[in-house]
Each structure stands twice: as C-alpha cells, then as structure tokens.
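Here's the letter readout for the chains.
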Amino acid sequence: MRDLVVLIFLVLCIAAAIKKPWWGVLSLAVFSYLNPHAYAWGFVRTLPVYYILFLVVAFRTFTTDDKQPLPSDWRIIFFILLWLYFILTTTQAYIPDVAWSRFWVITKIYIPFYFTLVLINTREKLFYLIITIGISIGIVAVKGGIFAILSGFSYRVYGPPATQFYENNAFAVAMLIAIPLLLLWQKETKNPWIKRGIPFSIPIIYAASLSSWSRGALLTLAVLTLVLIWNSNRKYLAIPTAIIGAYFAIDYLPEEWFGRMGTIETYEEDASAMGRIQAWTDGWNHTLHHPFTGSGFEGWMYVTNRDWHSSYIEMLSEHGFVAFGLWLSMILGTLVSLTTLPQKTKNIKGMEWVGNYCFSIRASLICYMVGTAFLGLSYWDLLYHLIFIAVLIKKFALEEMTALTEKSTNKDKLLSFRHDN
C-alpha cells in the first residue's frame, strides 16, 4: 500500500514538473528532504525515484521559457570553481576508486542547484521553495518529537531510513535548521491556521532534537534559541517562554541523557570526543604537508582511519586550503550578505519581507555552522540550498529596490513636468 501511495505521488510530481518546471524544483526538495520513498516497503524503496524526477526537471529546464539567466553573483562562481577544484584533488586522491565514486555522488548533488537558480525566478516561487524545505524536514521532525515525548526521551530519534538524514546527529541538526524556515512561513502567511499551528510545532521539534541524544545538537539548539530571541520583536515573551521550556525539559529528560550531555565538559574522559580531536589533529597535520590537494574524498581512510566528524576539517583535509577558502568564503559571505541586506532595505515600504527572509536563512545557516562543526557534512545539499536561496533573496531585493527607485524618479519627473506647465 505504501509503495502505491509513493508511486502515485511520484507520478503527480512528474506531471507537475512537466506542467510547470519550477514545481519540479519543489518536488526534488520533497524527495531530497522528506524522502517519502524511504518509508515504502517494496520495490519503490529501491526505485531511483529522485533521479527519475531529476531527468524530467532537467528536460523541462531546457525546454521552458519560464526561467531566468544564472544570477550574477560571486558565490555561484566560487561554487563552480570549488567543483572544478574537486576534480584536481580527486586525481591526486590516495584511494582513487573511492574518491571518484564519491566525486560523482557529489556532482549529482550539485547539478540540481542549476534548476533552482534558473527556475526560481520570482519571490513567490522562492517563498514556496523555502517552506517546502521547512515542511519536508518538519513533518518527520514533528513525528519524531511526538515519539520522543510519549517515550519519555528514552530512545534516540532518527531520520528517514537509508537517507542522508538517517543518522541521529545529522537529523537533529537538520531539524533545527528547519525551524527558522517554518517561522518564516508563519510570519509571511495570512492563513490563521498556519499562524497558530507552527508555534505549537516548534517545541515538538525541539523535543525531537533533544531526543537525538546528540551533544552537537544541544549546542546548536542553544545557539538557535539565542538567535531567535535576538531577532524576536517580542523578547518579553520569547525569553520567559525559553526559560519555562527549559525548566520543564530538565524535569522530563532521563538521567542517562544528562550523563551523556555532561561529557561536553569532561571531553578528556570521553573516548569518542578524544577520537574526534585526534582525527582533527591528524587531518590538520596532513594538510600542512599537502596544502593544495589534501587527501581527496574519503581521505580519512588513509590519514586517520576515523571519520573527520567536522565539516570544516573534512573540507580542509580532503581538498586543501584553496578549496577550504572557496567553501568557507561562500558561507561567511552569505552570512554577511544576509546581515547587511536588511539594512539597505530598512524603512522602505514594501520591502519588509527582506528582513524576514534574511533573518530566517541566517539563523538556519548559523545552525549549520555550529552543528556541523562536529559532523562531516560539508557536501550537504541543505547547506548549498541555504546559500543559493540567499543569492536569490539578494537578486530579488535589488530588483525590487531598482523598480521602486525608478517609479519614484518617474513620479518626480511627472510632478515636475506638471509644475512647469
């Protein structure tokens, strides 16, 4: 029965992509983050549903007129340069077969972003993409949060099986990244049910994240809470709510949970934490001796025999300082753009959306930066979605500002003409 439901859903997504290609971008996001096929039990689970949809969207991208040229933004250039640099480092990789296999997997992750950049050509379409990502992760997160609460946080919450989010630590960070996207939906929508419903879902997602038993997720959760309070226009409500929520959570969480979280302070006594530090040290030392090529994809197998457990070390150790510089520049540059852009549109009537979009994506990006400091997720498509969403926010904001300026100029000219005559 599940297989039939997923198959019907796939057919509907294909039909939607054929009718309106930008709907295909949303469909790809659903299959990437919600992973409905992962919940099937039969043949659909092994069916390459994502790639079938990918081919349909690719065909429609090149046959539709409803698209825009690639935005003129330095982050897109850096992204392409990063991919090209991966080719260089892969030719020098210690384990060529594994590295080339991983390279093609990463390439398949990167290509669909072209569809996003050319098919999402209006602010309305961008809004739907953002909430699609938020809903896709949020549905599974709420399901996990309800399970966590009913089970008294005694079991770990995992993501969709056999997907990029299955591992509890990665899923916890993904859930926290989704929270600002859902809050943006609540802020921008006029639907009263959504406005009332989303605030109830956030504590449940928090519960799911806590029940991942992930120490990195706990730090990310704390940082996200501070960011949300800082950006809130109702701090007098946000701060007491956070304190009350923390108070009840402390009483409800099991002793074993506190024992695991307590190892954050006593990491010297924790074998897992010390193993990560050793891997980071080995990766750093190796890169100092191979600054331009690193070890190649999956180089940890040769360098330290232990996963990098950090996106920063992963990118640095596998591809060297040049690739790391390109990658980190895109992240930090996006963070700066999301911070400065609202200042340019402040007090401009009709441009209030810019601040809402920027603060939301910035909060999600900060979650990524904190959470993946302890997880090797430097090639995660969620990161690049956030970066390119920021690129589109800037593009649409500047276009609207230009249009408003021209309208104001034309109005002044008209008034001047009438006055002269």
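Placed above this text is the structure.
Residues numbered from 1 in each chain as written. Predicted model: local features only at pLDDT ≥ 70, side-chain atom pairs only at ≥ 80, totals over all residues. Heavy atoms only, no water.

K.L.:
Report on the overall build of the protein, specifying residues and quantitative values.
P.N.:
Helices and strands together make up the secondary structure of the protein, namely 17 helices and 0 strands. Expressed as a percentage of its 421 residues, the buried residues of the protein come to 51%. For the protein, the proportion of contacts with a sequence separation of at least 24, taken over those separated by at least 6, is 77%. Split by element, the accessible area of the protein, about 20500 Å² in all, is 67% carbon and sulfur. (Helix = DSSP H or I, 4+ residues; strand = E, 2+ residues; numbered from the N terminus. Buried < 20%, exposed > 50% of the residue type's maximum accessible area, 1.4 Å probe, protein only. Contact = heavy atoms within 4.5 Å. Areas by Shrake-Rupley, 256 points an atom, 1.4 Å probe, with all protein chains shown as cover.)

K.L.:
Outline the side chain of Ser311, supporting the account with residue identities and numerical values.
P.N.:
With respect to the element layout, Ser311 can be found in helix H15 (residues 311-345). Of note is the side chain of Ser311, whose polar atom sits 2.8 Å from the backbone nitrogen of Leu377. At a separation of 3.2 Å, a polar atom in the side chain of Ser311 contacts the main-chain amide nitrogen of Ser378. Apart from residues lying up to four places away in sequence, Ser311 is in contact with Trp327, Tyr368, Thr372, Leu375, Gly376, Leu377 and Ser378. (Polar contact = N/O pair within 3.5 Å; in protein donor to acceptor, adjacent residues only side chain to side chain.)

K.L.:
Requested: an account of the environment of Tyr302, with residues and values cited.
P.N.:
Tracing the backbone shows Tyr302 in helix H14 (residues 300-303). The spacing of Tyr302 and Ile95 is 207 residues in sequence and 7.8 Å in space, taken between C-alpha atoms.

K.L.:
Run through the packing of aromatic side chains, naming residues and quoting values.
P.N.:
Under the defined criterion, the tally for this structure stands at 36 aromatic pairs. Consider the rings of Trp280 and Phe374, whose centres lie 6.3 Å apart with planes at 45°: the pair is tilted. Taken together, the positions of Trp280 in helix H13 (residues 271-289) and Phe374 in the loop between helix H16 (352-371) and helix H17 (381-420) put the pair 94 residues apart, joining distant regions of the chain. Overall, Phe374 belongs to the partly exposed group, its relative accessible area being 26%. Ring-pair connections join several aromatic residues into one group, and the members of that group are Phe79, Trp83, Phe86, Trp100, Phe103, Trp104, Tyr110, Phe113, Phe297, Tyr379, Tyr384 and Phe388. Here the guanidinium or amino end of Lys108 rests over the ring plane of Tyr51, the centre of that ring lying 5.5 Å away. (Phe/Tyr/Trp six-rings, centres within 6.5 Å; stacked < 30°, edge-to-face > 60°. Lys NZ or Arg CZ within 6 Å of the ring centre and 35° of its normal.)

K.L.:
Explain the pattern of salt bridges residue by residue, including any values.
P.N.:
With the rule as written, the count across this model stands at 5 salt bridges. The salt bridge partner of Glu399 is Lys395, with a shortest N-O separation of 2.5 Å. Of this pair, Glu399 and Lys395 both sit in helix H17, 4 residues apart, roughly one helical turn. Residue classification places Glu399 among the partly exposed positions, given a relative accessible area of 41%. (Salt bridge = Lys/Arg side-chain N within 4 Å of Asp/Glu carboxyl O.)

K.L.:
Got a sec to walk through the packing of helix H10 (residues 215-231) against H16? Specific residues and values, please.
P.N.:
It is the contact of H10 with H16, at a shortest axis distance of 9 Å, that shows an interaxial angle of 160°. Judged on the interaxial angle alone, H16 and H10 are roughly antiparallel. Helix-helix and strand crossings are classified by hand; for H10 and H16 the assignment is right-handed. Counted together, Leu219, Thr220, Val223, Leu224, Val227 and Asn231 of H10 and Phe359, Arg362, Ala363, Ile366, Cys367, Val370 and Gly371 of H16 form the full contact between these two elements. The class makeup of the residues in the contact of H10 with H16 is 9 nonpolar, 3 polar and 1 charged. (Axes fitted to C-alpha atoms, helices over the stretch in contact; angles between N-to-C directions. Parallel < 35°, antiparallel > 145°, perpendicular 65-115°, else oblique. Left-handed = near helix turned anticlockwise from the far one by under 90°. Nonpolar A, V, L, I, M, F, W, Y, C, P; charged D, E, K, R; others polar.)

K.L.:
I'd like to hear about the packing of helix H9 (residues 192-210) against H10, residue by residue, with values.
P.N.:
Between H9 and H10, whose axes approach to 9 Å, the crossing angle comes to 155°. Judged by the inter-axis angle, H9 sits roughly antiparallel to H10. Two packed elements cross with a definite hand, and for H9 against H10 that hand is left-handed. Here Tyr206, Ser209 and Leu210 of H9 come into contact with H10, specifically with Ala217, Leu218, Leu221, Leu224, Thr225 and Leu228. When grouped by side-chain class, the residues that make up the contact of H9 with H10 number 7 nonpolar, 2 polar and no charged.

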